[in-house]
Structure formats: C-alpha cells, structure tokens
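Letter by letter, the chains look like this.
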Amino acid sequence: MPKIEVAWDEYLNETTDRLPDGLLLTSLDPEGKPNTMAIGWASIGIVWSRPMFIVLVRHSRYTYECIEATGDFTVNVPAPGMAEAVNFCGSVSGRDHDKFAECGLTVGQSQTITSPYIDECELVYECKVVQHTDVVPENFAPEIIDQFYAGGDFHRIYFGQILRTIAEEGFTGRD
Ligand SMILES: Cc1cc2nc3c(=O)[nH]c(=O)nc-3n(C[C@H](O)[C@H](O)[C@H](O)COP(=O)(O)O)c2cc1C
C-alpha cells in the first residue's frame, strides 16, 4: 500500500491511542529474517533534542536478540482488521514461527534503517537505537515490581531515534 512521508509528530495521539491494542515492533533476526512482536508499553517524544520512540523489551523475547543484532527497529501502527495478527504476533515467538509468512504480512523496505516495516500497517516509524538501558530492579516502587516482575525477566529500554515516518495517504487513525 503506497505511503507518504509525514512529520514524526503528525499522528502522536493516533499512535498512543492504539497502544492498549498493541503496536507491532519489527526487526531482523541475526540471520536477516524479519520478525515482529506486539508492544503495549512505549513512549514517543523528544530526548537529546531528537524525536524518540522508547520501547520496553523483555530479555526473553526473540525481538531482544533481533534488536541487539540490528541496532534498529520499526514501530508499526496496525490497520483496523489486523487484531488477529497482532494477538498472534504477541503470543508466539519468532524463534518457532515465521510470523510474516503465517500472518500473510508483507515486508516493506525501510529507507533509513535495516529493519523492515509491515506494509499492511497504516503508519510506520523507522527508528535507530541511540541508547539502551536495563531497568534497575532495586529502583522500582514495590507495586511496580510486584505487579510486573514477579518472575524476573526484566525489560531492556531502547531509545529509538525516529529517522523517518510514513503513513498511508488519507490516514486518519480512525477505524
Ligand atoms: C497487546 C500486547 C502487548 C505487548 N507488549 C509487550 C511489550 O511492550 N514488551 C514486551 O517485551 N512484550 C510485550 N508483549 C509480549 C510479546 O509481544 C510476546 O511475548 C511475543 O510473543 C514476543 O515475540 P518474539 O519472541 O518473537 O519477540 C505484548 C503482547 C501483547 C499481546
């Protein structure tokens, strides 16, 4: 589906509104195979005077290995009707599944980074990792660690500088 370049901050609300249903974080595995997973926690804004997509990836995810290998990722805002694909990509691992093939997703070639995007998605951010940091368990408020890290498996936080944003022409962010 043809997309046009847009300003990184043109669709902030349309992007964050979709977080509860899941966005798709896409990268390449160490062999160069595209992989994607659902994300529900993220932040978009300005850090170090640069537009930034900040995502949290648990160390157990295959995506963690992928981003470590590529140093970049895309954040894809799914189109209406993609809920089944998002749930699938958020419940199985790219270690065991070719999610692009099984969900019928089309690889889109990014212009500024190596990680591809998902052509069926309506809005895409191409992001280069400029910083990563692991959460520090002893720095959490107890209610957060109790609720989200009872089993360990802490998150790595990736700061992805947004290098390019593309959207389908006429994208409104509404179903
Ligand atoms: C709606 C939704 C949101 C999710 N958000 C996150 C997230 O922000 N960070 C994370 O590490 N896992 C998150 N997950 C879980 C991963 O998407 C899931 O474990 C996925 O199977 C990992 O795939 P991978 O092993 O190919 O990386 C979410 C799952 C769903 C369904």
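Note that this is a predicted model, so its numbers are computed, not measured.

Rules of the game
- Each chain carries its own residue numbering, running from 1 in the written order of its sequence.
- The predicted nature of this model means local features are confined to residues of pLDDT at least 70 and side-chain atom pairs, given and counted, to a pLDDT of 80 or more, with totals for whole chains, interfaces and linings taken over all residues.
- Computation of side-chain values covers all heavy atoms of the structure but excludes hydrogens and water.
- Only protein chains enter the accessibility calculation, which uses a 1.4 Å probe; a residue whose area is less than 20% of its type maximum is buried, one above 50% is exposed, and one in between is partly exposed.
- A run of H or I in DSSP becomes a helix once it reaches four residues, and a run of E becomes a strand once it reaches two; helices and strands are each numbered from the N terminus.
- The contact definition used throughout considers only heavy atoms, calling two residues in contact when any of these lie within 4.5 Å.
- In this text, near means that some heavy atom of the residue lies within 4 Å of the molecule or strand in question.
- We call two N or O atoms a polar contact when they sit within 3.5 Å, provided that within protein one can donate a hydrogen and the other can accept it, with sequence-adjacent residues counted only if both atoms are side-chain atoms.
- Values of accessible area rely on a 1.4 Å probe in the Shrake-Rupley scheme; residue burial ignores everything except the protein chains shown.
- Working definition: a ring pair exists when centres of Phe, Tyr or Trp rings (six-membered ring for Trp) sit within 6.5 Å. Plane angles under 30 degrees give stacked, over 60 give edge-to-face, the rest tilted.
- By nonpolar core is meant a set of buried Ala, Val, Leu, Ile, Met, Phe, Trp, Tyr and Cys residues that side-chain atoms within 4.5 Å join together.

Caption draft 1: Main features of helix H2 (residues 62-70). Along H2, the residues classified as buried are Tyr62, Thr63, Tyr64, Cys66 and Ile67. For H2, the elements touching its buried residues are strand S2 (23-28), strand S3 (34-39), strand S5 (50-58), strand S6 (72-77), strand S9 (123-134) and strand S10 (155-168). A positive phi of about 70° marks Gly71, the residue just after H2.

Caption draft 2: Fine view of the site of the ligand. If you check the shell around the ligand, you find 21 residues, and the closest are Gly40, Thr63, Val92, Ser93 and Gly94. At 3.0 Å, a side-chain N or O of Asn35 approaches an oxygen atom of the ligand. Residue Gly94 places a main-chain N or O atom 2.7 Å away from an oxygen atom belonging to the ligand. About the coverage of the ligand: the protein hides 83% of its 660 Å² of free accessible area.

Caption draft 3: Here's a closer look at the packing of aromatic side chains. A complete count under the given rule lists 6 aromatic pairs for this structure. Here the aromatic rings of Phe53 and Tyr125 are separated by 5.1 Å at their centres, their planes lie at 70°, and the arrangement is edge-to-face. A residue pair is termed long-range when its members are at least 10 positions apart, and Phe53 in strand S5 and Tyr125 in strand S9 qualify at 72 residues. Here Phe53 matches Tyr125 in class, with each residue buried. Plain terms: the ring middles of Phe140 and Tyr149 are 5.0 Å apart, the flat faces sit at 35° to each other, and that makes the pair tilted. Assessed through its relative accessible area of 24%, Phe140 is described here as partly exposed. Grouping aromatic residues by their ring pairs yields a cluster made of Phe140, Tyr149 and Phe154.

Caption draft 4: Spotlight on the nonpolar core. Membership of the largest hydrophobic core comes to 24 residues, with the highest contact counts inside it found for Leu25, Phe53, Val55, Phe73 and Tyr125. Contributing elements (two or more residues each) for this core: S2, S3, S5, H2, S6, S9 and S10. No other element matches the 4 residues that S9 contributes to this core. Of all hydrophobic cores here, the second largest spans 9 residues; its members include Leu24, Cys89, Ile118 and Cys121.

Caption draft 5: Here's a closer look at the side chain of Asn76. Mapped onto the fold, Asn76 is located in strand S6. Judged by relative accessible area, which is 0%, Asn76 ranks as buried. A distance of 3.0 Å separates the side chain of Asn76 from the side chain of Thr74, its partner in a polar contact. Once you skip the residues sitting within four places of it in the chain, Asn76 turns out to touch Leu23, Leu24, Thr26, Tyr117, Ile118, Cys121, Leu123 and Val124.

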